[in-house]
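So you can see what is in the structure, the chains are spelled out below.
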Amino acid sequence: MNTNEVKFDEKGLVPAIIQDAETMEVLTLAYMNKESLEKTQETGETWLYSRSRKELWHKGETSGNTQSVVEIKYDCDKDALLVLVNPKGPACHTGAVSCFSQNAVDRKTNLGEFQILQTLEKIIQQREQERPEGAYTTYLFEKGVDKILKKVGEESAEVIIAAKNRSQEELKWEAADLLYHLQVLLVEQGLPLKEVLQTLEARHKQKDRS
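One structure accompanies this document, and this report is about it.

Thresholds, definitions, all that
- Residues numbered from 1 in each chain as written.
- Predicted model: local features only at pLDDT ≥ 70, side-chain atom pairs only at ≥ 80, totals over all residues.
- Heavy atoms only, no water.
- Helix = DSSP H or I, 4+ residues; strand = E, 2+ residues; numbered from the N terminus.
- Rg over C-alpha atoms; globule rule 2.2 N^0.38 Å.
- Salt bridge = Lys/Arg side-chain N within 4 Å of Asp/Glu carboxyl O.
- Buried < 20%, exposed > 50% of the residue type's maximum accessible area, 1.4 Å probe, protein only.
- Axes fitted to C-alpha atoms, helices over the stretch in contact; angles between N-to-C directions.
- Parallel < 35°, antiparallel > 145°, perpendicular 65-115°, else oblique.
- Left-handed = near helix turned anticlockwise from the far one by under 90°.
- Contact = heavy atoms within 4.5 Å.
- Pairing = 2+ DSSP bridges.
- Phe/Tyr/Trp six-rings, centres within 6.5 Å; stacked < 30°, edge-to-face > 60°.
- Lys NZ or Arg CZ within 6 Å of the ring centre and 35° of its normal.

## As for the overall build of the chain
Move 1: Looking only at helices and strands, one finds 7 helices and 6 strands in the chain.
Move 2: Along the chain, helices (α) and strands (β) appear in the sequence β-β-α-β-β-β-β-α-α-α-α-α-α when read from the amino end.
Move 3: Computed over its C-alpha atoms, the radius of gyration of the chain comes to 21 Å, more than 25% above the 17 Å expected for a compact globule of 210 residues.
Move 4: Projected onto its principal axes, the C-alpha coordinates of the chain cover approximately 65 × 45 × 35 Å.

Written out as structure tokens, the structure reads:
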């Protein structure tokens, strides 16, 4: 993007909508000036302009919740930006995934705790592509779908046993193992986790209407 084409306002700012590139959830609305937009393009991570502090700031510099930029677009009037990112943690200072919620605390409870599933999916996808030596996930992909299916079956049985034993501690660990191996299977099959979640949501909505 040519920053000279962007129409900054009289204060030298342009609104920037930050959106998750995978889930398409709007994370926050911030502002950029020409310098922060250029630094965003140079570094591949979001740099914004604080109107209250009147200075540039690197999103996630202190919290670690950086945002890797996938694409930057401007609207038809070239006076607003859409920044598609892959977030490495919550976007909101409250700890919520998104700043847009009626109750940020509830949002953190409902979504933030499950961010690990999306993070794990990305890690598994990287393992499939890069195949780092010695990694267990690499081992599973190299052994192929039959090995992965066997592990899903074994972990399912372990979950059943843990539940029969009425051991929450055991069940917690076995359920985590099952979720991990299930996500490996989904990646191997090329099925994004979000499509499974969308199916659950569609079923829920259909049930509410019935």
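## Re the pattern of salt bridges
Move 1: Here the structure, examined in full by the defined rule, presents 4 salt bridges.
Move 2: One salt bridge in this structure joins E155 and K151, with 3.7 Å as the shortest N-O distance. Of this pair, E155 and K151 both sit in helix α5 (residues 145–164), 4 residues apart, which is roughly one turn of that helix.
Move 3: Relative accessible area serves as the criterion here: at 15%, K151 is assigned to the buried category.

## What about the packing of helix α4 (residues 136–143) against helix α6 (residues 168–189)?
Move 1: Axis separation between α4 and α6 bottoms out at 11 Å; the angle between their running directions is 50°. In terms of orientation, α4 lies oblique with respect to α6. Considering the relative orientation of α4 and α6, their crossing is right-handed. Across from Y136, T137, L140 and F141 in α4, the residues of α6 making contact are Y180, H181, V184, V187 and E188.

## Some words on the pairing of strand β5 (residues 67–74)
Move 1: Pairing analysis gives 7 bridges linking β5 to strand β6 (residues 81–87), with the strands arranged antiparallel. By the bridge assignment for β6, Y74 is matched with L81.
Move 2: In this antiparallel pair of consecutive strands, β5 and β6, the connection spans 6 residues, and K78 shows a positive phi of 60°.

## Description of the packing of aromatic side chains
Move 1: Considering all chains together, one arrives at 2 aromatic pairs under this definition.
Move 2: Through a chain of ring-to-ring contacts, three or more aromatic side chains come together here, namely Y136, Y139 and Y180.
Move 3: For K39, the ring lying beneath its charged end belongs to W47, and the centroid distance is 4.4 Å.

## Examining unusual backbone geometry
Move 1: In this model, K54 sits at a positive phi of 55°, which is unusual for a non-glycine residue.
Move 2: Considering the arrangement of structural elements, one finds K54 in the loop between β3 (47–50) and β4 (55–58).

## Some words on the environment of K151
Move 1: Separated by 31 residues in the primary sequence, K151 and L182 place their C-alpha atoms 8.8 Å from one another.
Move 2: Apart from the residues within four sequence positions on either side, K151 is in contact with Y136, L140 and H181.

## Examining the side chain of T66
Move 1: Following the sequence through the fold, T66 ends up in the loop between β4 and β5.
Move 2: Overall, T66 belongs to the buried group, its relative accessible area being 11%.
Move 3: The contact partners of T66, leaving out residues within four places of it in the chain, are E45, H58, K59, G60, N86, P87 and K88.

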